[in-house]
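Chain residues, written in single-letter form:
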Amino acid sequence: LAYSSGFADALDARSKASQEAQEALDAWMKAINDIQAPGPDAQRAVRKAFTDYLATRERAKQVSKDTPYPPAPRDVCPNSDN
């Protein structure tokens, strides 16, 4: 039960972080797609979307580090066949 709960918690945290990173990437791609004429406003929008994406990816990487999957039962229970 502890393994299942730990795995589910880690999976939930990592999935949420990954989803946020994907949404940031989508926003970046949309900002690039929305550029109709190069200019300072368009350049700022692309730079902001790019910076936001990189920051979100770094947060997702940190979440993965902070929420490791628990060791598998076979690794902690010598008599486990699972």
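Just above, that's the structure.
Just so you know, these numbers come straight off a predicted model, no measurement behind them. (Residues numbered from 1 in each chain as written. Predicted model: local features only at pLDDT ≥ 70, side-chain atom pairs only at ≥ 80, totals over all residues. Heavy atoms only, no water.)

Asker: Explain the overall build of the protein chain here, please?
Answerer: Across its full length, the protein chain holds three helices and zero strands. What you see in the protein chain, going N to C, is helices and strands ordered as α-α-α. Here the C-alpha radius of gyration of the protein chain, 19 Å, is well above what a compact globule of 82 residues would show, namely 12 Å. Based on the C-alpha atoms only, the size of the protein chain along its principal axes is roughly 65 × 15 × 15 Å. Residue burial in the protein chain is summarised as follows: out of 82 residues, 17% are buried. When the accessible surface of the protein chain is split by element, carbon and sulfur atoms take 55% of a total near 6,300 Å². Taking the average location of the 11 positive side-chain charges in the protein chain and that of its 12 negative ones, the two points are 7 Å from each other. (Helix = DSSP H or I, 4+ residues; strand = E, 2+ residues; numbered from the N terminus. Rg over C-alpha atoms; globule rule 2.2 N^0.38 Å. Buried < 20%, exposed > 50% of the residue type's maximum accessible area, 1.4 Å probe, protein only. Areas by Shrake-Rupley, 256 points an atom, 1.4 Å probe, with all protein chains shown as cover. Lys, Arg positive; Asp, Glu negative; His and termini not counted. Charge placed at Lys NZ, Arg CZ, Asp CG, Glu CD.)

Asker: It is not clear to me how helix α1 (residues 2–33) should be interpreted in this structure. Could you clarify?
Answerer: Think of an α-helix as turning once every 3.6 residues; residues three or four places apart then point the same way. For α1, which comprises 32 residues, the first-to-last C-alpha distance of 46 Å matches the rise-based estimate of 46 Å (1.5 Å per residue) to within 8%. Looking at α1, one finds that the buried residues are Ala10, Ala17, Ala21, Ala24, Trp28 and Ala31. Elements in contact with the buried residues of α1: α2 (40–66). (Expected span 1.5 Å × (residues − 1). Contact = heavy atoms within 4.5 Å.)

Asker: Would you mind showing me how to read the pattern of salt bridges here?
Answerer: When charged atoms on two side chains of opposite charge get close, those side chains can pair. Inspection of the entire model under this criterion finds four salt bridges. A salt bridge links Lys48 to Asp52, with the shortest nitrogen-to-oxygen separation between them at 2.7 Å. Of this pair, Lys48 and Asp52 both sit in helix α2, separated by four residues, roughly a single helical turn. For Lys48, a relative accessible area of 53% gives the class exposed. Residue Asp52 is classed as partly exposed on the basis of its relative accessible area, which comes to 34%. With a closest N to O distance of 3.4 Å, Lys61 and Glu58 form a salt bridge. In this pair, Lys61 and Glu58 both sit in helix α2, three residues apart, roughly one turn of the helix. Under the relative-accessibility criterion, Lys61 is labelled partly exposed at 41%. (Salt bridge = Lys/Arg side-chain N within 4 Å of Asp/Glu carboxyl O.)

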